[in-house]
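# Breakdown of the fold
Residues per chain are reported as follows:
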Amino acid sequence: MEPINGAVIGQFLLFMVALIFSLSVHESAHAWASNYFGDDLARLQGRISLNPLAHVDPIGTLLFPAVAYFTGAPLIGWAKPTPVNPLRWRNKRVANFWVSSAGVICNFIMAIIAGVIIRVLFEANVVELATDGYRLVVIPHNTSLIAEGAGLLLSIFFTLNFALGVFNLIPIPPLDGSKVLQSILPPTFESSFEALERFGFLLLIVAMFTGVFRVIFSIVMPIGIKLVLIGA
């Protein structure tokens, strides 16, 4: 492992800012949607908030991402799960769909906002754009430390939120995609999803270390980047 210098620390801090904010928005969206459909459990626990303290899990949000960042290990991370009481939802299947997809929708919205800002800056000839694997790289013409930091933060916000949106749509419990799929399929499949939940974390670990997620991102991430680079 290469020695850690000031630039790496700075990049890591920007990554953590983007990660914590993105996860906070994601979980807050779940809480808001659940409250909208009649379940105030998360709201009463202060989860409809962008305050990171309401959502940060010391292990899943701070320790694991830090270890992955500095070692190159697969990124494993999570925020505090948003508590919901489905028994209090109005129209349970509709509520399950929107509550489960609310966080993913917000991640894609943040990716779109970052992508639009990046494209506007490119069209204004303020930045150049490049790619580095699955990452969109924003290169400011102004070489000041602030400009470089802002370009890196935009790149991280776009890549991270697009990746979070895609990842959470994968239909493996406890990811949001499994609940979204459950709300779409006929009720006869509910028992199958309940049985699958017991092995959800094991399936996630197997998929991560066998390269399944890497294959998914190798297909999907270039699509998001091309949407920003169209005509560039």
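To be clear, the structure that these remarks concern was listed above.
The following refers to the structure shown. (Residues numbered from 1 in each chain as written. Predicted model: local features only at pLDDT ≥ 70, side-chain atom pairs only at ≥ 80, totals over all residues. Heavy atoms only, no water.)

## What to know about the overall build of the protein chain
Per the secondary structure count, the protein chain includes nine helices and two strands. Reading the helices (α) and strands (β) of the protein chain from amino to carboxyl end gives α-α-α-α-β-β-α-α-α-α-α. A compact globule built from 232 residues would reach a C-alpha radius of gyration of about 17 Å, and the protein chain, at 19 Å, matches this within 12%. Counting only C-alpha atoms, the protein chain reaches 55 × 35 × 35 Å along its principal axes. The buried share of the protein chain, taken over its 232 residues, is 41%. Considering only contacts within the protein chain whose residues lie at least 6 apart along the sequence, 68% involve residues at least 24 apart. As displayed, the protein chain offers around 12,700 Å² of accessible surface, 71% of which is attributable to carbon and sulfur atoms. Here the protein chain contributes 13 positively and 13 negatively charged side chains, and the mean placements of these two sets differ by 8 Å. (Helix = DSSP H or I, 4+ residues; strand = E, 2+ residues; numbered from the N terminus. Rg over C-alpha atoms; globule rule 2.2 N^0.38 Å. Buried < 20%, exposed > 50% of the residue type's maximum accessible area, 1.4 Å probe, protein only. Contact = heavy atoms within 4.5 Å. Areas by Shrake-Rupley, 256 points an atom, 1.4 Å probe, with all protein chains shown as cover. Lys, Arg positive; Asp, Glu negative; His and termini not counted. Charge placed at Lys NZ, Arg CZ, Asp CG, Glu CD.)

## Here we look at the pairing of strand E1 (residues 127-132)
Looking along a regular strand, one sees side chains alternate from face to face of the sheet. As defined by bridge partners, E1 adjoins strand E2 (residues 135-140) across six bridges and the pair is classed as antiparallel. In the strand pairing of E2, Glu128 is matched with Ile139. Hairpin connection of E1 to E2: two residues between the antiparallel strands, including Gly133 at a positive phi of 65°. (Pairing = 2+ DSSP bridges.)

## Comments concerning the packing of aromatic side chains
A complete count under the given rule lists 12 aromatic pairs for this structure. Geometrically, the ring pair formed by Phe158 and Phe162 is stacked, given 6.1 Å between the ring centres and 20° between the ring planes. Of this pair, Phe158 and Phe162 both sit in helix H5 (residues 145-169), four residues apart, roughly one helical turn. There is no split in this pair, since Phe158 and Phe162 are both buried. Connected via pairs of aromatic rings, a cluster forms that spans Phe12, Phe15, Tyr69 and Phe70. (Phe/Tyr/Trp six-rings, centres within 6.5 Å; stacked < 30°, edge-to-face > 60°.)

## Re the nonpolar core
Grouped together as the largest cluster of nonpolar side chains are 38 residues, with contacts concentrated most on Ile118, Leu129, Phe158, Leu160 and Phe213. For this core, the secondary-structure elements that each account for two or more residues are helix H1 (6-36), helix H4 (92-123), E1, E2, H5, helix H8 (200-209) and helix H9 (212-229). Looking at this core element by element, the count peaks at nine residues for H5. Beyond its immediate stretch of four places on either side in the chain, Phe213 contacts Phe167, Ile170, Leu204, Ala207 and Met208. Counting seven residues, the second-largest nonpolar core is a separate cluster that includes Ala33, Trp89, Ala95 and Val99. (Core = buried A, V, L, I, M, F, W, Y, C linked by side-chain atoms within 4.5 Å.)

## Section: the environment of Trp98
Relative to the helices and strands, Trp98 resides in helix H4. In this structure the C-alpha to C-alpha distance between Trp98 and Val212, which are 114 residues apart in sequence, comes to 27 Å.

## Looking at the layout of surface pockets
Quantified by volume, the second largest pocket comes out at close to 310 Å³. For the lining of the second largest pocket, the residue count by class is eight nonpolar, seven polar and two charged. (1 Å grid on protein atoms, 1.4 Å probe; cavity = no way out; pocket = protein on both sides within 12 Å on 5 of 7 lines; lining within 4 Å. Points joined across faces, edges and corners; volume = space filled by probe spheres on them. Nonpolar A, V, L, I, M, F, W, Y, C, P; charged D, E, K, R; others polar.)

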